[in-house]
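# A look at the structure
Given next are the chains, with one letter for each unit.
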Protein chains: 2
Amino acid sequence: MAEQVTVALDAMGGDNAPEEIVKGAVAAARENPELNIHLIGTEDVVRKLLEASDYPKDRITLIPSTEVISTDENPTMAIRRKRNSSIVIGMKEVHTGEADCFVSAGNSGAVLVGGQVVVGKIRGIDRPPFAPIIPTAAGPVLLLDSGANMDAKPEWLVQWAQIGSIYMKNQLGIKNPRVAIVNVGAEDDKGNALVKATFPMLKECPDINFTGSIEARDIPKGTADVIVCDAFVGNVILKMYEGTASMLLHEIKGVLMSSVRTKIGAALIAGPLKKTLKKFSAKEYGGAPLLGCRGLVVKVHGNATQAEISHALKQCITFKREDINQKIVEGLHLNETKPQAERG
Amino acid sequence: MAEQVTVALDAMGGDNAPEEIVKGAVAAARENPELNIHLIGTEDVVRKLLEASDYPKDRITLIPSTEVISTDENPTMAIRRKRNSSIVIGMKEVHTGEADCFVSAGNSGAVLVGGQVVVGKIRGIDRPPFAPIIPTAAGPVLLLDSGANMDAKPEWLVQWAQIGSIYMKNQLGIKNPRVAIVNVGAEDDKGNALVKATFPMLKECPDINFTGSIEARDIPKGTADVIVCDAFVGNVILKMYEGTASMLLHEIKGVLMSSVRTKIGAALIAGPLKKTLKKFSAKEYGGAPLLGCRGLVVKVHGNATQAEISHALKQCITFKREDINQKIVEGLHLNETKPQAERG
């Protein structure tokens, strides 16, 4: 029998909570016998949804929460004050070891702050980055940091390159992942102060397959497997990618619907087009992990439906099975690190 | 008779030099009787190209240059050492007033360095930004800085917002242009250190129509007319936009060509699709001006063909006719500025 994995799942986070969260939990639990879910949410609402479905009662446990952190709340205040929220309760479970992982489609800032102060970082990790998969023409690419640390330091980017390599190797099975740093040109002397300071450090880092700079133009082509940058730049990359694709597809749809002639054309290409575009959906990769925390904290898109929740839960199974946090500790030699208090 | 405009044109810069540059010069001079072109390049080569065409001899003058700055040269060294290059000769002409504007499809870095040290800045302008037009679903948008100043200061971004507003109003005729700063969220307290410091300054700047933050996701929609950010972020935006569009269109083309059925579909939609996509071509807007220099310095795409060169030359006509530099001096109250030496 496979090793059991316990995931604390925020039933109250995201636009489609709690309905889609509960559905995703039930589907994932049915498909994965090693999965135990602590479903955290407003008791009567979640119970009703659970009871309306045929769920594995021994592996989905309802944990009542009495507060909800909404998306527009100040994250730091919310985490500090709403101790009975689904996010704080779930994160505490990971902190104490009652759960291995935490998954939420709720307030990103609260997931970030909570990951750092409630779940806690792996000792020796400076700043956990958000690390979503972005689908490219050549397959999945890990972009970190995409939202956690706006004004980053060179040594953080080096850690992210190491962590990202370990994640891509073990979570997605990519051998010797190519690591690149986002830059404005291919030459070694290009960049802003952060990139210029980080570049030589990455070049000398022995544990990674550093391939140099990547220009934003090449990111959608998938010419690297792990891409590092500060969270401001990462956020811009992620959202330009989404925004450009969404705008262009909207324009093309407009063309296809513009006349009888183009509608016939559309009918002829619709099937293969959908199939091709499907490979650019991030859904099947689950959510964005906040890597470097104890256990695993996963932030799923706010508009997630049951499929994405279900994929995020499977992501947790792989993460635990492959013992990725232990590999991070070993790979970054963190057990040899001085205690936190002695570090700058 | 319209006011005459003299443009120093680098005949030797870019992938298609000098053929396409000369063709663009001839076409623009024929169409615009107020245009005088100083075509700077290797004498015999350019003369042969000119003589093979029917060009207005009184308004295109060949200025011989004996050196060429290639795209892979170190810009600072090249500008310092190659005094007889087409770039340095052309820029000197703007500095001395022999020419009003300078246009080049050559080495971007050399155009930037030369713009600052050979052409010279308008007194009181801190750092000229590269300001290309990006075409969006809602029309042209000015993105500055897109390549000149990697590690920017808040006061530079404020100047860019002011300069960009004046440019969009007078060059493109956009009334009361909406100014936005690139950010990672809509809330006022979001951002990195630069954005957090700049935001309140933009809010208090009286000369601009500041509409707040813009997330990268909304840039392709065209929800602002003038977008400010540091040059690292601007470069990432520009190249993600190009790269995502190019990758997606490549994928879609692959689908259209994949079977007999889809080829028939493609034939039915090709015309209207091309028409729609054409509005996303930046070509007709000319090149990226380095705003805030004396005269006007325009950097055209390295792969520019005659059409883009011709558009860039027309851009110079409008810039001079609308007296945009004088409007910048007045709008930013630069005539009231202390002499350069007394400034920090």
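These figures come from a predicted structure and were not determined experimentally.

Definitions and limits used
- Residues numbered from 1 in each chain as written.
- Chains lettered and ligands numbered in written order.
- Predicted model: local features only at pLDDT ≥ 70, side-chain atom pairs only at ≥ 80, totals over all residues.
- Heavy atoms only, no water.
- Helix = DSSP H or I, 4+ residues; strand = E, 2+ residues; numbered from the N terminus.
- Contact = heavy atoms within 4.5 Å.
- Pairing = 2+ DSSP bridges.
- Right-handed = clockwise from strand over helix to strand, strands pointing away.
- Axes fitted to C-alpha atoms, helices over the stretch in contact; angles between N-to-C directions.
- Phe/Tyr/Trp six-rings, centres within 6.5 Å; stacked < 30°, edge-to-face > 60°.
- Buried < 20%, exposed > 50% of the residue type's maximum accessible area, 1.4 Å probe, protein only.
- Lys NZ or Arg CZ within 6 Å of the ring centre and 35° of its normal.
- Least-squares fit on C-alpha atoms with pLDDT ≥ 70 in both.
- Buried area = accessible area lost by both parts, 1.4 Å probe.
- Salt bridge = Lys/Arg side-chain N within 4 Å of Asp/Glu carboxyl O.
- Polar contact = N/O pair within 3.5 Å; in protein donor to acceptor, adjacent residues only side chain to side chain.
- Nonpolar A, V, L, I, M, F, W, Y, C, P; charged D, E, K, R; others polar.

Position of T244(A) among the secondary structure elements: in helix 8 (residues 231-256). Apart from the residues within four sequence positions on either side, T244(A) is in contact with P220(B), Y241(B), T244(B) and A245(B).

Once that is clear, we can look at the pairing of strand 3 (residues 60-64) of chain B. Residue and element names in this part refer to chain B. Sheet topology places strand 2 (residues 35-41) next to strand 3; 5 bridges connect them, and they run parallel. Within strand 3, the residue paired with L39 across the bridge is L62. Where the polypeptide runs from strand 2 across helix 2 (residues 43-51) and back to strand 3, its parallel neighbour, the crossover connection is right-handed.

Glancing now at the sheet that holds strand 6 (residues 139-144) of chain B. Strand pairing in a sheet relies on backbone hydrogen bonds. The paired strands run either parallel or antiparallel. All names here are of chain B. Spatial strand order, 5-6-9-7-8: 5 strands in an open sheet with mixed pairing. In the strand order of this sheet, the two ends are held by strand 5 (133-136) and strand 8 (209-215), each with one partner. On average, each strand axis in the sheet is inclined to that of its neighbour by 30°, with strand direction left out of account. Of the pairings in the sheet, the one linking strand 7 (residues 178-183) to strand 9 (residues 226-228) comprises 3 bridges and is parallel in character. Looking at the pairing, A180 lines up with I227 of strand 9.

Here the focus is the packing of aromatic side chains. Under the defined criterion, the tally for this structure stands at 4 aromatic pairs over all chains. Plain terms: the ring middles of Y167(A) and F319(A) are 6.2 Å apart, the flat faces sit at 45° to each other, and that makes the pair tilted. With Y167(A) in helix 6 (residues 154-171) and F319(A) in helix 10 (residues 306-321), this pair connects stretches of sequence that are 152 residues apart. As far as burial versus exposure is concerned, Y167(A) and F319(A) are alike and both buried. Ring centres of F199(B) and F210(B) lie 5.2 Å apart, and the angle between their planes is 75°; this geometry places the pair in the edge-to-face category. Taken as a pair, F199(B) in helix 7 (residues 193-204) and F210(B) in strand 8 lie far apart in primary sequence, 11 residues in all. By the burial criterion, F199(B) is buried, and F210(B) matches it. Stacked on the ring of Y55(A), the Lys or Arg K57(A) has its end atom at 4.6 Å from the ring centre.

Before going further, it helps to spend a moment on the relation of the copies chain A and chain B. Once chain A is rotated about the relating axis by 180° and shifted along it by 0.0 Å, it coincides with chain B to within an RMSD of 0.0 Å. The relationship between the two copies is best expressed as a two-fold rotation axis. Taking C-alpha positions as the reference, the residue of chain A nearest the rotation axis is G265(A), at 1.9 Å. A high fraction, 100%, of the interface residues of chain A reappear at the interface in chain B, so the copies pair face to face through one surface.

Let us now look at the interface of chain A and chain B. Listed as interface residues are 48 residues of chain A and, on the opposing side, 48 residues of chain B. Roughly 4500 Å² of surface becomes buried between chain A and chain B when both sides are summed, with 76% attributable to carbon and sulfur atoms. The tally of links between chain A and chain B comes to 6 salt bridges. Across the pair E242(B) and R217(A) runs a salt bridge whose closest N-O atoms are separated by 3.2 Å. Our enumeration of links across chain A and chain B arrives at 10 residue pairs in polar contact (both at pLDDT 80 or more). Listing elements by their share of the side of chain A that touches chain B, those giving two or more residues are strand 7 (178-183), helix 7 (193-204), helix 8 and helix 9 (260-278) of chain A. Here the side of chain A that touches chain B is composed, by residue class, of 31 nonpolar, 9 polar and 8 charged.

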